[in-house]
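Fold and contact review
Listed here are the chains, written in short residue letters.
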Amino acid sequence: MSRAEAAGGTGTAGRTEAVPAVGRRPRTTAGFLALFGNELHLTFRRMRTKVLLGILAVLPVLIGVVVKLNTDGPHEGGGGPSFIAQTTQNGLFLVFTALAVALPVFLPMTVGVVAGDAVAGEAATGTLRYLLVAPAGRTRLLAAKFTAGLVFCLAATAAVAVAALATGAALFPLGEVTLISGDTIGLADALLRAVLVAGVVAASLAGLVAIGLFVSTLTGSGIAAMAATVGLVITVQILDAFPQLDAIRPFLFTHYWLSFSDLLREPMYWDGVLKDLGLQAAYVAVFGSAAWSRFTSRDISA
Amino acid sequence: MTKAPVTGDVTESAGGPGAEPRPAPAPLPPASPTATAFLGSDDVIRTRGLTKRFRGGQLAVDGLDLAVPRGSVFGFLGPNGSGKTTTIRMLMGLIAPTSGVATVLGEPMPQSVATVLPRVGALIEGPALYGFLSGRDNLIRFDAADPTADPRTRPQRVDTALERVGLSAAARKKARAYSLGMKQRLGLASALLQPRELLVLDEPTNGLDPQGMREIRALIREVAAEGTTVFLSSHLLDEIEQVCTHAAVMSRGRLVVQGTVAELAARAQGRLVVRTPDVARAVEVLAAHRVTALVPGEDRVDGEFGERDDEALPELCAALVAAGVRVHGFGLERGTLEDAFVALTGEGFDVAG
Ligand SMILES: Nc1ncnc2c1ncn2[C@@H]1O[C@H](COP(=O)(O)OP(=O)(O)OP(=O)(O)O)[C@@H](O)[C@H]1O
Ligand SMILES: [Mg+2]
């Protein structure tokens, strides 16, 4: 009976020391943003993220060394991308070469891993339910994941670009840059263009982040989501290679990816780049909404 | 919602095949006598007709009417697979009910997660942690997820929570290197990051050593003494008896009974226990004196004595002695919650299909 009576006194009795007030606390902007910061922290604390960025940074070094060895050897030229020939004259071009090589395969693969695992990985380990009862808010959590995905795109592109610049500077001469259009610009100008190009490349991956997040909300397995996202990137690029599919090719999210080279003309030719960015925005809108509607209505039973 | 439907459940839902319980000795008093309107009560958790049918047809929770009074330590009891975790998931807005309604802290769920859950601490189906983060960073992450948590007080609150569960020394260790008990403690710490009005703990002592169990139970009592209502699921009957003021019993997705622990235990009739080396003789005498359901054991006999007047007990003892039974011990043993559970469900504590 004593227990039942103890239940009657609704806890007004008890410890006399000051207990922080129980009750409603206001939402604050700082509190709201904390999850975004923490999500970034979490993403870049992962060993996996560091390894992926490391691989991306090694890639330009390999390209640089191969180009260097080839040009030193007897047979110059070859049928490589047009940038490669330029690279031997100017190390800065290694940035564009490396980005052009990384963009179709390596960059989207890393982005696919990060975005695909974003929600599914947390569902698999069960941490998702603790975030949701915190309560993170499903929309806010998805927004934080998307933001972290975009920041990863920037970091991944930067890893390629910075490593390429360092390698290029070490192996090849730096100086004035002769553009595709034949004009010549100064080194400072060329560096600015490199930054611009890297920004465009990072933004080109935004659509893929949204797709990856959507896939991630569909399954409770991080591995499955990563594999599906990466598989999708490869499939879409294969489709993009078929001239018979002309009707749909302009709508594939990879279609305008390499249009960044148009920014290496004088004057810069923005048409393809703008189409690319517009297409990415459309993918973000469509797959972002799909991910949102799926995630906000889904049972979290893992 | 008054008591009547709940008492109805006692006969109704335990009425599975061969599971007819004894009639309830007396209807339990209402969990909240004044509550007439569903939303207007002071119950911290209230559900009406809460039902969850999973895709694939599994009926995990079936028409649950639960009322958890403010200030109680409420034991949510049931065998494996009886729907405890599923109920908690619905209460926490993680899964949507198939039908029925649930309110937590007076607000409907899952619609009000944003305003309700900052005031609720929860441990659901064991802890889940980021193995590559330290225990402390895990708590920082979960705290950052709450938009009402003040970032300025975060480090201090995290440290306090770690201290409360006895993890201060292991705070900087990676969570993947934690033992199960340490993980469980860290999960509890995340539920205690803020002062809470309600603590929902799904089998909080799972995986803990006896000392750890005692510590966690002490912690639960301490939190309850601060005024926090504690909703505790368990399949450990003695755990519920030790820490809870109220309890509800689930069986195959249905609520079998709810009430105060004292009332529930009182439903289990006490048994007469005679300790003697002369078991066979004692059984004869007891049977002659209308003691039923006799169970002879090694140096003991127990049976149902039923409701009799005060003189009956000494008379029976005298009769045993007169018959030459060497009585080493003689008395009524109070019913346990386990007896009550078996009486209510008419079944043992087995997994339902
Ligand atoms: N996601 C799911 N999909 C389908 N069925 C489920 C799902 N989750 C639980 N169930 C089923 O619902 C029933 C209740 O499960 P629940 O986890 O709520 O039981 P419980 O009382 O918490 O058991 P335990 O004591 O073992 O934790 C079980 O029969 C289980 O198989
Ligand atoms: Mg469970």
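In short, a report on the structure.

About the thresholds
- Residues numbered from 1 in each chain as written.
- Chains lettered and ligands numbered in written order.
- Predicted model: local features only at pLDDT ≥ 70, side-chain atom pairs only at ≥ 80, totals over all residues.
- Heavy atoms only, no water.
- Core = buried A, V, L, I, M, F, W, Y, C linked by side-chain atoms within 4.5 Å.
- Buried < 20%, exposed > 50% of the residue type's maximum accessible area, 1.4 Å probe, protein only.
- Helix = DSSP H or I, 4+ residues; strand = E, 2+ residues; numbered from the N terminus.
- Contact = heavy atoms within 4.5 Å.
- Pairing = 2+ DSSP bridges.
- Right-handed = clockwise from strand over helix to strand, strands pointing away.
- Near = heavy atom within 4 Å.
- Polar contact = N/O pair within 3.5 Å; in protein donor to acceptor, adjacent residues only side chain to side chain.

This part is about the nonpolar core. A:Leu107, B:Leu66, B:Met92, B:Val120, B:Leu198 and B:Phe231 are the most contacted members of the largest nonpolar core, which totals 159 residues. Top element by residues in this core is helix α8 (residues 138–171) of chain A. It accounts for 11 residues. Excluding residues that lie within four positions of it along the chain, B:Met92 makes contacts with A:Val133, B:Met109, B:Val113, B:Leu117, B:Val120, B:Ala122, B:Ile124 and B:Val200.

Right, let's get into the pairing of strand β9 (residues 229–234) of chain B. Residue and element names in this part refer to chain B. Among the 6 residues that make up β9, 6 are buried, leaving the element largely enclosed by the rest of the structure. In β9, alternate side chains face the same way, and those of Thr229, Phe231 and Ser233 on one face and Val230, Leu232 and Ser234 on the other are all buried. Of the strand pairs in this sheet, strand β4 (residues 73–77) and β9 are connected by 5 bridges, and their pairing is parallel. Residue pairing across strands places Leu77 opposite Ser234, the latter belonging to β9. Here strand β8 (residues 198–202) pairs with β9 via 5 bridges, running parallel. Bridging from a neighbouring strand, Leu198 pairs with Thr229 of β9. A crossover connection joins β8 to the parallel β9 through helix α7 (residues 210–225); in handedness this β-α-β unit is right-handed.

Right, let's get into the site of ligand 1. By nearness alone, 14 residues border ligand 1, and B:Asn80, B:Gly81, B:Lys84, B:Thr85 and B:Thr86 come closest of all. More than one chain lines the surroundings of ligand 1; the residues nearby belong to chains A and B. Between ligand 1 and the protein, one listed contact pairs an oxygen atom with a side-chain N or O atom of B:Asn80 at 2.9 Å. For ligand 1, an oxygen atom lies 2.7 Å from a polar atom in the side chain of B:Lys84.

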